[in-house]
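# Breakdown of the fold
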Amino acid sequence: MENIIEVAGVSLMRDGKKLLSDIHWTVKKGEHWAVLGLNGSGKTTLLNMINGYIWPTKGSIKVLGKAFGKTSLPELRKSIGWVSSSIQERIPRTQLARDVVISGKYASIGLYEAVDAQDEEKALRLMEQLHCASLFSRAYEHCSQGERQKLLIARALMAEPRILILDEPCNGLDLFAREILLESVEELAKDKNGPTLVYVTHHPEEISPAFQKTLLIRNGEVFRQGRTSEMIEKQVLSRFFEHEIHVEWRGNRALFQVV
Ligand SMILES: Nc1ncnc2c1ncn2[C@@H]1O[C@H](COP(=O)(O)OP(=O)(O)OP(=O)(O)O)[C@@H](O)[C@H]1O
């Protein structure tokens, strides 16, 4: 199976501190990953490396078979969709939802290109896929936090990325908005023609079996990685969080209790 992301022995030093330490991580085509780590564990640093914004002090990174340093990063970045709160903050508030989505095609914040009927159709189809088509002509500022996250996912999909990174997409969502967004993400994971998903979170309860694999990252190191059912499990997570945790799977979702 084709390797989508290959992180081989990557370490990063900053100000004499090791932010990432000997990370080995391979994402293969056909598997979606969750990345779980507490605040400051190194998740964002790792994502910045996968997008080529930070270079490792040691080790190498390949994305879609292309080695960093030997390929055009702007070209490669077009294949990577990245939904994060920093993008959300940069969207012009008065922009219409449909234009927010269409702007994803041009990887621009704001829309400066002439929009054709095909773009509009595609944006509508993606908004339907994410169950937010009713927002089509609404201003972004009048959309709820959960709706905005869906728009940003549709926006990222507009460029037909091979990889979609969802960086804490449920931050700031209430219980219900969170469930609705997670349902949409699960549907996306089931789409055989859709991108490989990398779902980054510090909340284990957001990780469903739609993500077949989970990477546990702590203090800049890989604590464990493997099948989600084996990672989101009482003994592993109790050691990972250094707190005793009960985990009970109910259907597709795990329930947690800190003992
Ligand atoms: N340029 C830098 N120089 C020094 N330290 C840094 C730099 N960038 C990040 N760090 C530190 O590296 C650690 C990992 O940060 P990172 O943002 O990757 O964590 P994270 O897992 O994404 O956390 P969060 O969930 O809070 O976003 C933190 O302790 C952070 O303070």
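The structure displayed is predicted, hence computed values, not measured ones. Here the residue numbers are simple positions, counted from 1 along each chain's written sequence. For a predicted model such as this one, the threshold for reporting local features is a pLDDT of at least 70, and the threshold for listing and counting side-chain atom pairs is 80 or more; totals across whole chains, interfaces and linings nevertheless cover every residue.

Attention now goes to the site of the ligand. We count a residue as near a molecule or strand when its backbone-placed C-beta atom lies within 6 Å of that partner. As a structural note, the neighbourhood of the ligand is formed by Arg14, Asp15, Leu19, Gly37, Asn39, Gly40, Ser41, Gly42, Lys43, Thr44, Thr45 and His202. Here the shell around the ligand takes three residues from helix H1 (residues 43-50), the largest share from any one element. Across the shell around the ligand, the residue classes tally to one nonpolar, eight polar and three charged. Segments assigned H or I by DSSP are reported as helices when at least four residues long, segments assigned E as strands when at least two residues long, and all are numbered from the N terminus. Classification convention: Asp, Glu, Lys, Arg as charged; Ala, Val, Leu, Ile, Met, Phe, Trp, Tyr, Cys, Pro as nonpolar; all other residues, Gly among them, as polar.

All right, on to the sheet that holds strand S7 (residues 163-167) then. Only strands that DSSP links by at least two bridges are regarded as paired with each other. Spatially, S6-S7-S8-S3-S9-S10 is the arrangement adopted by the six strands of the open sheet, whose pairing is mixed. Looking at which strands have only one partner, the edges of the open sheet turn out to be strand S6 (80-83) and strand S10 (221-227). Sheet twist, expressed as the mean angle between neighbouring strand axes with direction ignored, is 15°. Relative to S7, S6 is paired through four bridges, and the arrangement is parallel. Counted as the bridge partner of Ile80 is Ile163 from S7. Whenever a helix is involved, its axis is fitted only over the stretch in contact; in every case the axis is a line through C-alpha atoms, and angles between N-to-C directions fall within 0 to 180 degrees.

A few words on the sheet that holds strand S4 (residues 58-63). The strand order S2-S1-S4-S5 describes an open sheet built from four strands, whose pairing is antiparallel. The sheet is open, and its two borders are formed by strand S2 (17-28) and strand S5 (66-67), each paired with just one other strand. Here strand S1 (residues 3-14) pairs with S4 via five bridges, running antiparallel. Residue pairing in the sheet places Glu6 in a bridge with Lys62 of S4. For the purpose of contact definition, each residue receives a C-beta atom placed from its backbone, and two residues are in contact when these atoms lie within 7 Å. Running at roughly 60° to S2, H1 makes contact with S1, S2 and S4 of the sheet.

Domain start and end points were adopted from an automatic or database domain assignment. Its domain assignment divides the protein chain into domain 1 (1-79 + 161-226) and domain 2 (88-160). Computed from C-alpha atoms alone, the centre-to-centre distance between domain 1 and domain 2 is 23 Å. Of the residues lining the interface, 10 residues belong to domain 1; the matching set on domain 2 comes to 11 residues. With four residues, helix H7 (residues 175-190) is the largest single contributor of residues to the side of domain 1 that touches domain 2. Its residues placed into classes, the side of domain 1 that touches domain 2 shows seven nonpolar, two polar and one charged.

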